[in-house]
Amino acid sequence: MKIAIASDHAGRELKEEIAALLKEKGIEVIDYGVDNPESVDYPDYGIKVAGAVSKGLAGMGILSCGTGIGMSIVANKFPNVRAALCSDMFTARMSRLHNDANVLVLGGRTVEKAVALLMVETWLKTEFEGGRHQRRLDKIRELEKGLYNNKKDEHRCQN
Ligand code: RB5
């Protein structure tokens with residue numbers, strides 16, 4: 001399976017470490033950059049990874065920016081992408097078990113590098129549990145297809 005990775009300037013160092021780890025494990029990496037320290041706009045890079053995962057060009061993706069927030073906002077705009085901004089081992093593991101996250105998002109300025117690398121390893125080897133969690137993902141898929149049935153007004157604000 002190919003893994004697409006990218007970062008902005010604030011996540012670049014972490015992204016480089018992650019790329020090295022993946023290659024060491026014999027995983028094919030599609031590195032969409034950024035490859036220098038100059039300031040860039042995270043959407044330009046998030047779009048590349050999320051687009052690749054959305055179209056099936058990569059099986060999974062890993063994104064990094066300063067906090068991970070911008071990248072996760074961008075990535076979750078794409079159909080078939082379930083991007084999880086994770087902060088520790090627990091959230092990394094749960095994002096696979098319960099959410100079948102196919103994009104891991106990490107904050108280069110918020111997570112210790114050593115912890116982030118362990119999170120990547122855990123994330124890659126944890127399988128989706130399915131069952132009741134699949135039903136929930138099916139509802140997300142309906143949202144993506146515009147099939148969400150709002151006739152009961154369940155989600156309107158009651159002022
Ligand atoms: C860049 O300074 C920073 O805003 C960006 O890396 C990210 O944290 C945005 O969410």
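Residues numbered from 1 in each chain as written. Predicted model: local features only at pLDDT ≥ 70, side-chain atom pairs only at ≥ 80, totals over all residues. Heavy atoms only, no water.

### A look at the overall build of the chain
Logical step 1: Of regular secondary structure, the chain possesses 6 helices and 5 strands.
Logical step 2: By residue count, 44% of the 159 residues in the chain fall in the buried class.
Logical step 3: Partitioning the intrachain contacts of the chain with sequence separation of at least 6 by distance along the chain shows that 69% fall at a separation of at least 24.
Logical step 4: Summed over all atoms, the accessible surface of the chain reaches about 9,000 Å², with 49% contributed by carbon and sulfur.
Logical step 5: For the chain, the centre of its 23 positive side-chain charges and the centre of its 22 negative side-chain charges are spaced 7 Å apart. (Helix = DSSP H or I, 4+ residues; strand = E, 2+ residues; numbered from the N terminus. Buried < 20%, exposed > 50% of the residue type's maximum accessible area, 1.4 Å probe, protein only. Contact = heavy atoms within 4.5 Å. Areas by Shrake-Rupley, 256 points an atom, 1.4 Å probe, with all protein chains shown as cover. Lys, Arg positive; Asp, Glu negative; His and termini not counted. Charge placed at Lys NZ, Arg CZ, Asp CG, Glu CD.)

### Re the confidence of the model for the chain
Logical step 1: Counting all residues, the mean pLDDT for the chain is 94, and 93% of those residues have values of 70 or more.
Logical step 2: Averaged pLDDT values over the elements of the chain bottom out at 96 in helix α6 (residues 132-144) and peak at 99 in strand β5 (residues 103-107). (pLDDT = per-residue confidence, 0-100.)

### Comments concerning the pattern of salt bridges
Logical step 1: All chains considered together, the criterion is met by 7 salt bridges.
Logical step 2: Between K15 and D31 there is a salt bridge, with the nearest N and O atoms lying 3.1 Å from each other. In this pair, K15 is assigned in helix α1 (residues 12-24) and D31 in strand β2 (residues 28-31), connecting sequence segments 16 residues apart.
Logical step 3: Where D100 meets R82, a salt bridge forms, and the shortest distance between an N and an O atom there is 3.3 Å. (Salt bridge = Lys/Arg side-chain N within 4 Å of Asp/Glu carboxyl O.)

### Comments concerning the state of the cysteines
Logical step 1: Tallying each qualifying case throughout the model produces 0 disulfides.
Logical step 2: Here C65 stays unpaired: no disulfide links it, and the sulfur of C86, its closest cysteine neighbor, is 13 Å away.
Logical step 3: Taking relative accessible area as the criterion, C65 reaches 3% and is therefore assigned buried. (Disulfide = S-S within 2.5 Å.)

### As for the packing of helix α4 (residues 89-97) against helix α5 (residues 113-125)
Logical step 1: Between α4 and α5, whose axes approach to 9 Å, the crossing angle comes to 20°. As far as their axial angle goes, α5 and α4 are roughly parallel. Every pair of crossing elements has a handedness; the one defined by α4 and α5 is right-handed. Between α4 and α5, the contacting residues are M89, A92, R93, S95 and R96 on the first element and V115, L118, M119, T122 and W123 on the second.
Logical step 2: Classifying every residue of the contact of α4 with α5 gives 6 nonpolar, 2 polar and 2 charged. (Axes fitted to C-alpha atoms, helices over the stretch in contact; angles between N-to-C directions. Parallel < 35°, antiparallel > 145°, perpendicular 65-115°, else oblique. Left-handed = near helix turned anticlockwise from the far one by under 90°. Nonpolar A, V, L, I, M, F, W, Y, C, P; charged D, E, K, R; others polar.)

### As for unusual backbone geometry
Logical step 1: Here the residue pair G33 and V34 is connected by a cis peptide bond, since its omega of 10° sits within 30 degrees of zero.
Logical step 2: For V34, the location among the structural elements is in the loop between β2 and α2 (42-55).
Logical step 3: Positive phi values are uncommon outside glycine, yet N80 reaches one of about 75°.
Logical step 4: Within the fold, N80 resides in the loop between α3 (69-75) and β4 (83-85).
Logical step 5: In the Ramachandran plot, D100 falls in the positive-phi region, its phi being about 50° despite a non-glycine side chain.
Logical step 6: Here D100 lies in the loop between α4 and β5.
Logical step 7: Among the residues examined, D100 registers a relative accessible area of 19% and is labelled buried.

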